[in-house]
Amino acid sequence: MPAAPAAANSSAAVPSEPPSSLRLDLAQACRRLETASPPEIIAWAVERFGSRLTMATAFGPEGCLILHWLAAIAPQTYVFNLETGYQFPETLILRDRIAARYGLQVALERPDTSVAEYEHQHGGPLFRTAPDRCCGDRKLAVIRRVLARFGAWMSGIRRDQSPDRAAAPIVGWDAKFGVVKISPLANWTKARVWETIIREDVPYNPLHDQGYVSIGCAPCTRPVNVGEDERAGRWSGTAKTECGLHSRG
Ligand code: SF4
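Thresholds, definitions, all that
Residues numbered from 1 in each chain as written. Predicted model: local features only at pLDDT ≥ 70, side-chain atom pairs only at ≥ 80, totals over all residues. Helix = DSSP H or I, 4+ residues; strand = E, 2+ residues; numbered from the N terminus. Buried ≥ 20, exposed ≤ 12 C-beta atoms within 10 Å, placed from the backbone. Contact = placed C-beta atoms within 7 Å. Axes fitted to C-alpha atoms, helices over the stretch in contact; angles between N-to-C directions. Parallel < 35°, antiparallel > 145°, perpendicular 65-115°, else oblique. Left-handed = near helix turned anticlockwise from the far one by under 90°. Nonpolar A, V, L, I, M, F, W, Y, C, P; charged D, E, K, R; others polar. Near = placed C-beta within 6 Å.

> I tried to follow the environment of isoleucine 182 on my own but got confused; where do I start?
On the secondary structure map, isoleucine 182 appears in strand β6 (residues 179-182). Residue class for isoleucine 182 comes out buried when judged on the 28 C-beta atoms lying within 10 Å of it. The sequence separation of isoleucine 182 and aspartate 160 amounts to 22 residues, and the corresponding C-alpha distance is 16 Å. Leave out the neighbours within four places in its chain, and isoleucine 182 touches Ile41, Ala45, Ala152, Met154, Ile170 and Val171.

> What should I look at first to understand the packing of helix α3 (residues 61-73) against helix α7 (residues 190-200) in this one?
Between α3 and α7, the least distance of the axes is 10 Å, while the angle of their chain directions is 50 degrees. As far as their axial angle goes, α7 and α3 are oblique. Here α3 runs over α7; the crossing is left-handed. For the pair α3 and α7, the contacting residues are Pro61, Glu62, Cys64, Leu65 and His68 in the first and Val193, Trp194, Thr196, Ile197 and Glu200 in the second. Per-class residue counts for the contact of α3 with α7 are six nonpolar, two polar and two charged.

> Would you explain the environment of glutamate 83 in this entry?
Mapping glutamate 83 onto the fold places it in the loop between β2 (78-82) and α4 (89-102). In the structure, glutamate 83 is positioned 56 residues away from lysine 139 in sequence and 8.0 Å away in space, judged by C-alpha atoms. The residues contacting glutamate 83, other than those within four sequence positions of it, are Leu108, Glu109 and Arg110.

> Any chance you could explain the site of the ligand here in plain terms?
In the neighbourhood of the ligand, 13 residues make up the surrounding shell, with Pro131, Cys134, Cys135, Cys217 and Cys220 lying closest. A class-by-class count of the residues in the shell around the ligand yields nine nonpolar, two polar and two charged.

Put into structure tokens, the structure is as follows:
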């Protein structure tokens, strides 16, 4: 597994705007890459940011597809998964399958406490009573810590996944974490992602064949019914739609 750059101060204020030296570059790249292929976008990110580039993945179909390309373009890239302790066993097994297929070792970045310690601290799990707090502690705090060591991150989000993601640029400033965010599949459809996964024989989570469309932590994910939105199975029955990694607030 490639080593991550040395840690910066993760508690430092996060800049809401990119440095002036990056602003024009990002705007131009964003326009130009709108018509580029995902491998071209990934190659641009690798060329532009080098070892300052990282990727986060929950091993969704989009993430697996990006890893398929990244393995050929820059396998030394530091890729990580937010291991909350609540993920499905199938998700963690998929990490091993990807390592076997591509030689890519995806790092597991964990919160400071185990699930047992966390639930003991709070008198039980928070995923039903306070899911925002749970995501904040077990995902957001961790990704903040990781991204403080980098200048840019890649994610697998697509614009048509949800209204929250509809305006996602291919390349832009992520004011939440103070780094550049690259979304190589932002303008792809779910159908195009799956066509490519099947054609290229990319490993994917077997839970997708059991009705799970968007897969996160096990307690907060259910299969979706025919006609439901693809993210309807996440935090079902609550108003929560995002863990906070890809929302602006
Ligand atoms: S998705 Fe659920 S279990 Fe996972 S961190 Fe968020 S609230 Fe907790």
